[in-house]
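# Tertiary structure, described
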Amino acid sequence: MRLRPPSQAPVVELVDVYGQPIALGTGKPVLLSFFRDAACPFCNMRIFELTWRYEGFAKHGLDVVAVFASTPEEVRRFVMKRPRPFRVAAEPARLAYETYGVESSFAGKLKAIVFRFGTLLRGMRLVGLAGLKTNNVMPADFLIDDKGHIVEAYYGRDAGDRIPFERVESFLAGRAVGSGLRAGAG
């Protein structure tokens, strides 16, 4: 079941790739992003974009947590190749995905391949042919305020559909980010 703001962010147990627990709702705003797996071309492109923008987000106090539906070994290999300035977690059991209402869709995966072909190709340059063997998890992003409340829940309509960075920037600027629940930008 999809989460709707304003609601308390569910407590989930996450551990980063270095074995450190990740606590949400501890006085710092968070962008919690759920990804497919470490070999996903669309995910790799988004991680690249998050890395590029992270310094600006961090200056505004935003914490970024990226969660992958991959094994810890796969995610550690991914992070070791390209270290990230934010926390990255592996969650192969997908319990946090279930708690946050993250869905799977083979049709959504195909839609992204067809309509986001350029992004797919750019991402494939990062991950190689392994990018063709990814799971069907759809992306989801949650903006959580410093009190642990979900301000926005963004459920992607396809494998490459993520919360627009303009909405994250609006959240950081304290402006209204819209209706809250967003089911992708069609």
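Reference entry: report on the structure contained in this document. (Residues numbered from 1 in each chain as written. Predicted model: local features only at pLDDT ≥ 70, side-chain atom pairs only at ≥ 80, totals over all residues. Heavy atoms only, no water.)

## Points about the side chain of Glu 91
In this structure, Glu 91 sits in the loop between strand S6 (87–90) and helix H3 (95–99). Of note is the side chain of Glu 91, whose polar atom sits 3.0 Å from the backbone nitrogen of Ala 96. (Helix = DSSP H or I, 4+ residues; strand = E, 2+ residues; numbered from the N terminus. Polar contact = N/O pair within 3.5 Å; in protein donor to acceptor, adjacent residues only side chain to side chain.)

## Observations concerning the packing of aromatic side chains
Applying the stated criterion across every chain yields a total of nine aromatic pairs. Judged by centre distance (5.9 Å) and plane angle (90 degrees), the rings of Phe 34 and Phe 142 are edge-to-face. In this pair, Phe 34 is assigned in strand S4 (residues 30–35) and Phe 142 in strand S7 (residues 140–144), connecting sequence segments 108 residues apart. Phe 34 sits in the buried class, given a relative accessible area of 0%. Here Phe 142 falls in the buried class, since its relative accessible area comes to 0%. Centre to centre, the rings of Phe 35 and Phe 68 are 5.0 Å apart; their planes meet at 20 degrees, and the pair counts as stacked. (Phe/Tyr/Trp six-rings, centres within 6.5 Å; stacked < 30°, edge-to-face > 60°. Buried < 20%, exposed > 50% of the residue type's maximum accessible area, 1.4 Å probe, protein only.)

## Quick word on helix H4 (residues 106–115)
All of the buried residues along H4 are Gly 108, Lys 109 and Ala 112. Looking straight down H4, one finds its buried side chains confined to an arc of 105 degrees; they lie on one side. Among the exposed residues of H4, those pointing more than 90 degrees away from its buried face are Phe 106, Ala 107, Val 114 and Phe 115. (Arc of directions from axis to C-beta.)

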